[in-house]
Amino acid sequence: MLRTDLLCKCRRPLTIQFDLKNEIYTRYQKQILSENEYAKCKPFSNQSIYIAADGTVHPCCLAHNMYITEYEPSFKFAAHLIKDHLDQINFKTRPLEKIIQGEYFDKMLKLSKTNSYCISRCNKYKKEAENELILYDRYF
């Protein structure tokens, strides 16, 4: 028997504003740029890396995302860089230490500091943006 008293009585929104997430990140990106700041890359800020299911190793999940969705113009630098180093960044065929100390990581970390997408997603206001998105998600 289905207990209707346990069901949420919330109503679905009639429309969903899909561009809200982008607007939140863009607002913080503009603030960062006005302060002449750069992207705060994870390997520098919390000493973490991202190992994708295909075995490729990246500074973060965003780098891998930029590779698999290379159609976005601001991702081109990452897609080309990964393609050029694909045989050198696979954990299945190369030691992790060599990958991290290799040319790919060095170039990716340097280029990502000034990339607009990286700045909008990884900056000193990242936690504030995430909290704002959580509040929006809870609203619905």
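For the structure, see preceding data.
The structure reproduced in this document is the subject of the present report. (Residues numbered from 1 in each chain as written. Predicted model: local features only at pLDDT ≥ 70, side-chain atom pairs only at ≥ 80, totals over all residues. Heavy atoms only, no water.)

### Remarks on the overall build of the chain
What counts here: In this text, helices come from DSSP runs of H or I with a minimum length of four residues, and strands from runs of E with a minimum of two, each type numbered from the N-terminal end. To sort residues, take the accessible area from a 1.4 Å probe on protein chains only and compare it with the maximum for the residue type: under 20% means buried, over 50% means exposed, and anything in between is partly exposed. In what follows, a contact means two residues having at least one pair of non-hydrogen atoms within 4.5 Å.
Secondary structure summary: the chain contains eight helices and two strands in total. Starting at the N terminus and ending at the C terminus, the chain contains elements arranged as α-α-β-β-α-α-α-α-α-α. For the chain, the proportion of its 140 residues judged to be buried stands at 36%. The long-range fraction of contacts in the chain, counting pairs at least 24 apart against all pairs at least 6 apart in sequence, stands at 65%.

### Remarks on the environment of C122
With respect to the helices and strands, C122 occurs in the loop between α7 (116–121) and α8 (126–139). Through-space distance from the C-alpha of C122 to that of L62 is 9.6 Å; in sequence the pair is 60 residues apart. Those residues in contact with C122 that lie beyond four places of it in its chain are Y38, A39, K40 and L62.

### Describing the pattern of salt bridges
Put simply, the rule reads: Only one rule defines a salt bridge in this text: a Lys or Arg side-chain nitrogen within 4 Å of an Asp or Glu carboxyl oxygen.
Under the counting rule described, the total for this entry stands at two salt bridges. Close ionic contact of E103 with K107 constitutes a salt bridge, the shortest N to O distance being 3.3 Å. Of this pair, E103 and K107 both sit in helix α6 (residues 103–112), separated by four residues, roughly a single helical turn. Take K107: its relative accessible area is 34%, and that puts it in the partly exposed class. Among the salt bridges present, the one from K110 reaches D106, with a minimum N-O distance of 3.4 Å. Of this pair, K110 and D106 both sit in helix α6, four residues apart, roughly one helical turn. With relative accessibility at 40%, the residue D106 sits in the partly exposed group.

### Structural notes on α6
Counted only if it meets this: By definition, the arc is the one covered by directions from the helix axis to the C-beta atoms.
Within the sequence span of α6, burial applies to Y104, F105, M108, L109 and S112. One face of α6 carries all of its buried residues, which in axial projection span an arc of 120 degrees.

### Comments concerning the packing of aromatic side chains
Within a pair of aromatic rings, the relevant descriptors are the distance that separates the centres and the angle that separates the planes. What counts here: Ring geometry is summarised as follows: Phe, Tyr and Trp rings, the Trp one being its six-membered ring, pair when their centres sit within 6.5 Å, and such pairs are stacked at plane angles under 30 degrees, edge-to-face over 60 and tilted between the two.
Taken as a whole and judged by the stated rule, the model has one aromatic pair. Seen in terms of ring centroids, Y104 and F105 are 5.7 Å apart; in terms of plane orientation they differ by 85 degrees. Their pairing is edge-to-face. Across the pair, F105 and Y104 agree in class, each one buried.

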